[in-house]
Structures are given as structure tokens and as C-alpha cells.
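Survey of secondary and tertiary structure
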Amino acid sequence: MSNFSKIVIIILIILSFFFIEEKYGKQINSLLSSIGTMPKIEMPNKNEETEQVKKPTDISNQTNETKNKTVANIYFLALDSDDNGIYKKVEREYNTKEDKLTFAIKELLKGPNFVEKSMGAYSEIPKTTKLNKIKYEKNKVIIDLSTDFQYGGGTDSIYSRMMQLIKTAVNNTNNKKIYLYLDGKQVNILGGEGIMVSQPLTEKSLEI
């Protein structure tokens, strides 16, 4: 290559440099400036990372809640394969901090839930029946319901709802005599059909 050619190439390189500087100089300077001011990225400490992974989740509350859970037995009605009426026991989970009998009676008055209904369960207890109170005394417990409990249906219906109540109460009370009151008065005769009720309540309390 001749000296003249080398000089021409050098001049072209110099001109190219000035062209680039003139057209892109500001962008290049801005990029170099931003690189210089980028924040420092700190990697996590491996020891801290390991400690976080090894630290177990606190499940003490969950464990206590699980331990405090138990079931109450509620009695509804259903039909067997021969269409005979039977008393169907279902289980409802509750927390042992609650009074078991109070919980069971409230659940009984609510009637069967959607799943239980789909399995044929039903109740003869009027939906308008309310629990006034449950009162504990030394050797007995009083279940006080609203008078709606005795209205509607004939003898068979009254008998069935009483047995629902008796079975549910007996299975959720610890060796206490159970008495039924309606709006504050002890029941001796129930419903328009005049069903005799002997108290304290047992499965032999009804005389038809």
C-alpha cells in the first residue's frame, strides 16, 4: 500500500471519529454517566437464607384448635330402604370452649344442612322454634324452647320431634336429668293432641 493510500485511510478514520462524536456524543456520555451511578446490588447472605428456610412455621395455634375440636351428635329423621321412619344421627364439629348441649340444641333447631338433606335427612321440629335458654342447676338441666315447638303436625309429628330432642339432649349431656320447658313453663302435656310427657326426659318419656 502506498503512502498516499495510508494517508487517505487515516484521514477517513479521523473524519469518521468526528462524525460519530458530533452525532452520538451526548448519548454516549449519558450512557457512561448512568453506568457510573448505578446502585450497588447486594447478594443475600447465604447463612441468613439457610436460617429462613430452616425456621419452622409456628403451628402451635393450629394444633391447639385441632385438639379443641370435637363433635356433637344431632338426631334428624330419614327413611330406610323399606320406607320406614328412622332416627338419623349426624355429627357436627364444634369447639370445646362452647357448651356442648347448647350447641347441639341450636344445631338441631337449624335442621339438616344441604348435604344431609341430599342424603334424605329431615326434621319434624317447626322452623320457627327458638331456644330461649339452657339453664344448669345442681342435678338437672332445663331446656327452654319457644311454644312454637308444640304447634303444627299431628301426633306422629309431635312424637317424632320430641324423640329428636330427647335423643340429641341425652347424647350431649353428662349424667344430668333433662327437663323441657316451653316459654318458662315445664311441659306435662304437649300439643293439641295432648301427648303426656313424663320428666325428666328419657326415651320412655312419651305416652300416646
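Each remark here, short or long, concerns the structure printed above.
Here's a quick rundown of the structure. (Residues numbered from 1 in each chain as written. Predicted model: local features only at pLDDT ≥ 70, side-chain atom pairs only at ≥ 80, totals over all residues. Heavy atoms only, no water.)

What about helix α4 (residues 100–110)?
Formally: Residue exposure (1.4 Å probe, protein chains only): buried if accessible area is under 20% of the type maximum, exposed if over 50%, otherwise partly exposed. The helix and strand labels rest on DSSP assignments: H or I over at least four residues marks a helix, E over at least two residues marks a strand, and numbering proceeds from the N terminus. Contacts: residue pairs with any heavy atoms within 4.5 Å of one another.
The buried count for α4 comes to 8 of 11 residues, which makes it a mostly enclosed element. Turning to α4, its buried residues are Leu101, Thr102, Phe103, Ala104, Ile105, Glu107, Leu108 and Leu109. Turning to α4, the residues buried within the fold contact β1 (69–79), β2 (85–95), β3 (131–136), β4 (140–145) and α6 (155–170). Looking one or two residues past α4, Gly111 carries a phi angle of roughly 85 degrees, positive in sign.

Section: the sheet that holds strand β5 (residues 177–182)
What counts here: Here, any two strands with at least 2 DSSP bridges between them count as paired.
Ordered in space as β3-β4-β5-β6, the 4 strands form an open sheet in which the pairing is mixed. Because the sheet does not close on itself, it has two edges, and the strands there are β3 and β6 (185–186). Relative to β5, β4 runs parallel, the two being bridged by 6 bridges. When the bridges of β5 are listed, Val141 appears paired with Ile178.

Description of the packing of aromatic side chains
Condition: Whether two aromatic rings pair depends on their centres lying within 6.5 Å, for rings of Phe, Tyr and Trp, where Trp uses its six-membered ring; planes under 30 degrees apart make the pair stacked, over 60 edge-to-face, and the rest tilted. Lysine and arginine charges are scored as sitting over a ring when NZ or CZ, respectively, is within 6 Å of the ring centre and within 35 degrees of the ring normal.
The full count for this structure, using the stated rule, is 1 aromatic pair. For the ring pair Tyr94 and Phe103, a centre distance of 5.0 Å and an interplane angle of 20 degrees mean the geometry is stacked. Neither Tyr94 nor Phe103 differs from the other in exposure class; each is buried. Its end group placed over the ring of Tyr179, Lys140 keeps NZ or CZ at 4.8 Å from the ring centre.

Some details on the nonpolar core
To keep things clear, this is the line we draw: Throughout, nonpolar core names a set of buried Ala, Val, Leu, Ile, Met, Phe, Trp, Tyr and Cys residues whose side chains join them through atoms within 4.5 Å.
Formed by 33 residues in total, the largest nonpolar core has its most connected members in Ile105, Leu145, Phe149, Met162, Leu180 and Leu190. Secondary structure elements with two or more residues in this core: β1, β2, α4, β4, α6, β5 and β8 (195–197).

Some thoughts on α6
Heads up, the condition is: Every helix has an expected span of 1.5 Å times one less than the residues it contains.
Its 16 residues give α6 an end-to-end C-alpha distance of 22 Å, which sits within 8% of 22 Å, the value for a rise of 1.5 Å per residue. For α6, the tally of buried residues reaches 12 of 16 residues, placing the bulk of the element in the interior. Listing the buried residues of α6 in full gives Ser157, Ile158, Ser160, Arg161, Met162, Met163, Gln164, Leu165, Ile166, Lys167, Thr168 and Ala169.

A short note on the packing of α4 against α6
This is how it is decided: Orientation is described by axes fitted as lines to C-alpha atoms, over the contacting stretch for helices, and by angles from 0 to 180 degrees between their N-to-C directions. Roughly parallel means an angle under 35 degrees; roughly antiparallel, over 145; roughly perpendicular, 65 to 115; everything else is oblique. Left-handed describes a crossing whose near helix is turned anticlockwise from the far helix by less than a right angle; the clockwise case is right-handed. Under this grouping Gly is polar, as are all residues other than the nonpolar Ala, Val, Leu, Ile, Met, Phe, Trp, Tyr, Cys and Pro and the charged Asp, Glu, Lys and Arg.
As a packed pair, α4 and α6 sit with axes 9 Å apart at the nearest point and diverge in direction by 155 degrees. Considering the angle they form, α4 stands roughly antiparallel to α6. The way α4 lies across α6 gives a crossing that is right-handed. On α6, the residues that touch Leu101, Ala104, Ile105 and Leu108 of α4 are Gln164, Leu165, Thr168 and Ala169. Residue composition of the contact of α4 with α6, by class: 6 nonpolar, 2 polar and no charged.

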